[in-house]
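# A look at the structure
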Amino acid sequence: MSGELPLNINIKEPRWDQSTFVGRANHFFTVTDPRNILLSNEQLENARKIIHDYRQGVVPPGLTENELWQAKYIYDSAFHPDTGEKMILIGRMSAQVPMNMTITGCMMTFYRTTPAVLFWQWINQSFNAVVNYTNRSGDAPLTVKELGTAYVSATTGAVATALGLNALTKHVSPLIGRFVPFAAVAAANCINIPLMRQRELKVGIPITDENGNRLGESANAAKQAITQVVISRILMAAPGMAIPPFIMNTLEKKAFLKRFPWMSAPIQVGLVGFCLVFATPLCCALFPQKRGSSPWSSSLTAFRPLVES
């Protein structure tokens with residue numbers, strides 16, 4: 001072994017205490033950091049080498065603990081935890097805020113016509129499908145049929161909800177109509193997540209002891225984990241889809257947007273992005289990954305696709 005850094009640092013677990021909300025929030029703020037999508041292939045490969053070498057007992061000279069943790073989170077942001085494969089860029093955790101802010105902002109700007117609703121709900125669920133596939137579990141991988149069923153069902157549910165509510169809100173305040181995309185996203189999550197996790201509902205998710213040894217599977221734990229994912233995703237979308245409508249409803253009455261109506265979409269995307277920067281990691285941190293006197297682990301299937309809309 002070379003170098004002075006000890007080899008007993010557990011980089012298989014997050015750096016911060018995951019039994020507390022603050023610890024989980026720190027972890028997810030790091031995991032979802034959008035700046036990681038700007039990293040070059042050279043930086044990603046360097047991080048992978050550092051992590052691989054450290055796991056083999058090799059420490060590069062001069063490597064500090066902070067640099068090791070930085071490499072771990074860079075590695076985790078780009079490489080699949082089960083397969084070690086480099087993930088599709090837009091399916092990575094670090095891409096969730098920029099991708100969701102763009103799609104959600106456009107959904108909330110172009111929601112009045114049927115073609116616009118169809119297009120943006122389709123784009124949103126297509127993005128979700130990419131995220132689901134990219135972050136599929138190595139323990140219970142999604143089949144093409146399962147992914148396709150979830151994709152078609154969620155898209156249909158989102159479009160039906162959006163079009164139905166648009167019809168109902170034609171004769172009410174325009175402000176009410178701005179919340180239709182949020183209702184559509186919530187409906188899609190309620191459909192998409194259970195379908196995507198149907199195998200886990202049937203066979204359960206791994207149960208582990210305090211040392212991480214696998215004891216078996218639990219369908220009840222899967223139901224609890226999936227319910228928490230649904231709640232987290234809806235709450236995650238809420239600030240970005242509930243606050244901007246009030247702001248945009250006021251701004252569109254001002255002279256500036258009347259003169260430059262094309263600025264509506266960029267402003268809305270920016271507002272959604274500001275909300276998501278905080279809502280994404282904080283809502284990911286709402287529920288612990290392991291819980292109970294004999295911790296159950298939902299693997300990364302209950303967490304990694306958590307950030308989609």
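Residues numbered from 1 in each chain as written. Predicted model: local features only at pLDDT ≥ 70, side-chain atom pairs only at ≥ 80, totals over all residues. Heavy atoms only, no water.

So the rule is basically this: UniProt positions are given in the numbering used here, feature names are shortened, and annotations may be inferred rather than shown by experiment.
With an unreviewed UniProt entry as reference, the chain is termed Sidoreflexin, source organism Heterocephalus glaber. Under the UniProt heading Subcellular location (unreviewed entry), the note attached to the chain is "Mitochondrion membrane". Its UniProt record gives the chain a comment under Sequence similarities (unreviewed entry), which states: "Belongs to the sideroflexin family."

### Quick notes on the side chain of Ser94
Let me state the cut-off plainly: Helix numbers and strand numbers start at the N terminus; a helix is a DSSP run of H or I with at least 4 residues, a strand a run of E with at least 2. Relative accessibility thresholds used throughout: buried, under 20% of the residue-type maximum; exposed, over 50%; partly exposed, between the two (1.4 Å probe, protein chains only). Contacts are residue-level and defined by heavy atoms, with any inter-residue pair within 4.5 Å sufficient.
Here Ser94 shows up in the loop between helix H3 (65-78) and helix H4 (96-109). Owing to a relative accessible area of 1%, Ser94 belongs among the buried residues under this scheme. Setting aside its immediate chain neighbours within four residues, Ser94 contacts Val31, Thr32, Asp33, Pro34, Asn36, Ile37 and Ser77.

### Describing the layout of surface pockets
Applicable threshold: For cavity detection a 1 Å grid was placed over the protein atoms alone, and a set of points counts as a cavity when a 1.4 Å probe fits there but cannot get out; an open set counts as a pocket when protein lies on both sides within 12 Å along at least five of seven lines, with lining residues being those that have an atom within 4 Å of a point. Grid points are joined across faces, edges and corners, and a volume is the space filled by probe spheres set on the points. The classification used treats Ala, Val, Leu, Ile, Met, Phe, Trp, Tyr, Cys and Pro as nonpolar, Asp, Glu, Lys and Arg as charged, and all other residues, Gly among them, as polar.
In this structure, the second largest pocket encloses a volume near 260 Å³. Along the wall of the second largest pocket there are 14 residues; nearest its centre are Tyr111, Arg112, Asn166, Thr169 and Lys170. Of all the elements in the fold, those that place two or more residues in the lining of the second largest pocket are helix H5 (114-134), helix H6 (144-168) and helix H7 (174-177). Tallied by class, the residues present in the lining of the second largest pocket amount to six nonpolar, six polar and two charged.

### Focus on the packing of aromatic side chains
Selection criterion: Two aromatic rings from Phe, Tyr or Trp, using only the six-membered ring of Trp, form a pair when their centres are within 6.5 Å; if the ring planes differ by under 30 degrees the pair is stacked, by over 60 it is edge-to-face, and anything between is tilted. Note on criteria: charge over ring means Lys NZ or Arg CZ within 6 Å of the ring centre, with the direction from the centre no more than 35 degrees off the ring normal.
Counted under the stated rule, the structure contains eight aromatic pairs. Arranged with centres 5.8 Å apart and planes meeting at 35°, the rings of Trp16 and Tyr73 form a pair that is tilted. Highlighted residues: Trp16 in the segment before helix H1 (21-31) and Tyr73 in helix H3, separated in sequence by 57 residues. Residue classification places Tyr73 among the buried positions, given a relative accessible area of 5%. An aromatic cluster is defined as three or more aromatic residues linked by ring pairs; in this entry it consists of Phe110, Phe119, Trp120 and Trp122. A cation over a ring is seen here: Lys72 above Tyr73, with NZ or CZ 5.5 Å from the ring centre.

### Considering the packing of helix H8 (residues 180-196) against helix H10 (residues 219-251)
As a reminder of what qualifies: Convention adopted: a line fitted to C-alpha atoms gives each axis, helices being fitted over their contacting stretch, and angles between N-to-C directions are expressed from 0 to 180 degrees. An angle counts as roughly parallel when it lies under 35 degrees, as roughly antiparallel when it exceeds 145, as roughly perpendicular when it falls between 65 and 115, and as oblique in every other case. Here is the rule for handedness: rotate from the far helix to the near one, and if that takes an anticlockwise turn smaller than a right angle the crossing is left-handed, while a clockwise turn gives right-handed.
Axis separation between H8 and H10 bottoms out at 10 Å; the angle between their running directions is 160°. When the axes of H8 and H10 are compared, the pair comes out roughly antiparallel. Taken as a pair, H8 and H10 cross one another with a handedness that is right-handed. Only Ile226, Val229, Val230, Arg233, Ile234, Ala237, Ala238 and Met241 of H10 make contact with H8, whose side of the interface consists of Pro181, Phe182, Val185, Ala186, Asn189, Cys190, Asn192, Ile193, Pro194 and Met196. Partitioned by chemical class, the residues of the contact of H8 with H10 number 15 nonpolar, two polar and one charged.

### Overview of the pattern of salt bridges
Let me state the cut-off plainly: Salt bridge criterion: a side-chain nitrogen from Lys or Arg within 4 Å of a carboxyl oxygen from Asp or Glu.
Inspection of every chain in the model, using the stated rule, returns five salt bridges. The residue Lys49 makes a salt bridge to Asp53 at a minimum N-O spacing of 2.8 Å. Placement of the pair is Lys49 and Asp53 together in helix H2 (residues 41-55), with a separation of four residues, close to one helical turn. Take Lys49: its relative accessible area is 52%, and that puts it in the exposed class. Notably, a salt bridge pairs Lys72 with Asp76, separated by 2.7 Å at the nearest N-O pair. Remark: Asp76 and Lys72 occur in helix H3; sequence separation between them is four residues, near one turn of the helix. For Lys72, a relative accessible area of 6% translates into the label buried. Residues participating in the shared-partner salt-bridge network are Glu45, Arg48 and Lys86.

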